[in-house]
Every structure is written in C-alpha cells, then in structure tokens.
Amino acid sequence: MANNSELFDRLAEIALSEGAYKAAVIDASLVETDEVFRALCESNACGMYGRCWMCPPDVGEIEDLMAEIHTFDHVLVYQTIGELEDSYDVEGMGETAKAHTALTLRLTDALSDLPFSKKLHLSKGGCQICPVCTKVQGKPCRFPDRAIPSLEAYGVNVSKLATSAGMKYVNGQNTVTYFGALFFNL
Ligand code: SF4
C-alpha cells in the first residue's frame, strides 16, 4: 500500500537521522524465532543472566515472548556499528553499546506519537538504561515504561533479522554491531 510505503520510508529516515547506521522496515513474518536462544542466555556469556529485569529469566518465558513477536505485522530494524582498536577493545565495545542504547531511547521518544495500534521495542541485551539494574538489589525496575528487553530474550534470530533487513550481522574486522527492532501494528 502506497501510504504504508511512505510511512515505512519515513520511519527508516527517522532512525537514520537519530544516528542509526542503517535502518529498514520489513514484514514481521520474515522474523524467525527459536527457543535455542534462551539456552544461550542461560550460558550467561554476557554476565547479565538473572541480573537485569529485561533479561532472562525475569523477562518472561521464551514460548510466550516468541508468541508475542508473531502477533506483529511490521518491524523497523536498525543497527549501530562501532570501530574498535582491536578485538580486545572492551572499552570501545562498551562505548558503542551505550551509543546504541541511547539511540534506542531517542527512537522510542521520536516515534512515541505515531498512531501504532501496538508496538514492542527490543534492542541489545542488558537494558543499560541504569548504570546498575535494580534487579541485583532486589528492587523494582526504575523505568518500567522505558526498559528495553533484548531481541535474544524474545528468541529473535538476529543474524537472520539482519539479512532480511538487507544488513550485515558482522561488519568487518575490529568492528562491533548492535541491532534494535521496533515491532508494530498499524
Ligand atoms: S530501566 Fe533500569 S532497572 Fe529497569 S530493567 Fe532497565 S536497567 Fe533495570
């Protein structure tokens, strides 16, 4: 539909203007989910398992979250790419992660007035809105209306999501790439 096409182009333009490296709206039916990603979270390679309200196990059962993903019609996919000094540049990875979280929050605000009938904004793991998630203090989430669940927690295959959106999942030596996705229905 022409009107939707214009809207989708506008959404991608907004994401780019807010700082995304690439952005595109795709049909949500192209998004693949798999419960295998919960096992990856449980392996706790990122150190956030059980330490963030927006990460497993607190974010919810993966079967329920995957089912929620498949109630959406469209998804705005966007990515942030950071340059690293080398593959051990943890500081550079952290700076890119912060920049991506800031982009996700800017996009949440920039798109808040659009008349979606429902929406779900997912991004990189660990939420990172607060320096330390209140989960580790046994206190409620400080910003439940802005907290950002991770794509992986919902079982989204981010590598295939990138391909479907015409983006690269990996962007070369000494780079780090993060993805965000705003699922929505009109
Ligand atoms: S908003 Fe803060 S308290 Fe809530 S999940 Fe995110 S980091 Fe944790």
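The coordinates are above.
Being a predicted model, the structure only gives us computed values, none of them experimental.

> Would you explain the nonpolar core in this entry?
Soluble globular proteins: nonpolar side chains tend toward being buried together. Ranked by internal contacts, the top residues of the largest apolar core, which has 41 residues, are Val75, Leu76, Val77, Val156, Leu161 and Ala181. Sorting elements by how many residues they give to this core places strand 4 (residues 175-185) first, with six residues. Not counting the four nearest positions on each side in its chain, valine 156 is found in contact with Val31, Thr33, Ile69, Leu122, Leu151 and Leu161.

> Help me understand the site of the ligand, please; the structure alone is not making it clear to me.
Residues in contact with the ligand amount to 13 residues; listed here are only the nearest, Trp53, Cys127, Cys130, Cys133 and Cys141. For the shell around the ligand, a count of residues per class yields 10 nonpolar, one polar and two charged.

> Explanation requested: helix 4 (residues 90-110) in the structure shown.
Because the α-helix completes a turn every 3.6 residues, residues three or four places apart line up on one side. Helix length check: helix 4, at 21 residues, gives a terminal C-alpha distance of 30 Å against a target of 30 Å (1.5 Å per residue), a fit within 8%. Along helix 4, the residues classified as buried are Thr96, His100, Thr101, Leu103, Thr104 and Leu107. Seen from one end, helix 4 has its buried residues packed into an arc of 155°, which puts them on one side. Seen from the buried face of helix 4, the exposed residues on the opposite side, beyond 90 degrees, are Glu91 and Asp109.

> Looking at this model, I keep getting lost on the sheet that holds strand 1 (residues 22-27). Mind explaining?
Within a sheet, neighbouring strands are paired by backbone hydrogen bonds and run either parallel or antiparallel to one another. Across the sheet, four strands lie side by side as 1-2-4-3; this open sheet has antiparallel pairing. Single-partner strands in this sheet number two, and they are strand 1 and strand 3 (118-122). The average undirected angle you get between the axes of adjacent strands in this sheet is 15°. Pairing analysis gives 10 bridges linking strand 2 (residues 74-83) to strand 4, with the strands arranged antiparallel. Considered in strand 4, the bridge of histidine 74 is made with phenylalanine 184. Seen against the sheet, helix 4 touches strand 2, strand 3 and strand 4 and runs at an angle of roughly 20° to strand 4.

About the thresholds
- Residues numbered from 1 in each chain as written.
- Predicted model: local features only at pLDDT ≥ 70, side-chain atom pairs only at ≥ 80, totals over all residues.
- Core = buried A, V, L, I, M, F, W, Y, C linked by C-beta atoms within 7 Å.
- Buried ≥ 20, exposed ≤ 12 C-beta atoms within 10 Å, placed from the backbone.
- Helix = DSSP H or I, 4+ residues; strand = E, 2+ residues; numbered from the N terminus.
- Contact = placed C-beta atoms within 7 Å.
- Near = placed C-beta within 6 Å.
- Nonpolar A, V, L, I, M, F, W, Y, C, P; charged D, E, K, R; others polar.
- Expected span 1.5 Å × (residues − 1).
- Arc of directions from axis to C-beta.
- Pairing = 2+ DSSP bridges.
- Axes fitted to C-alpha atoms, helices over the stretch in contact; angles between N-to-C directions.

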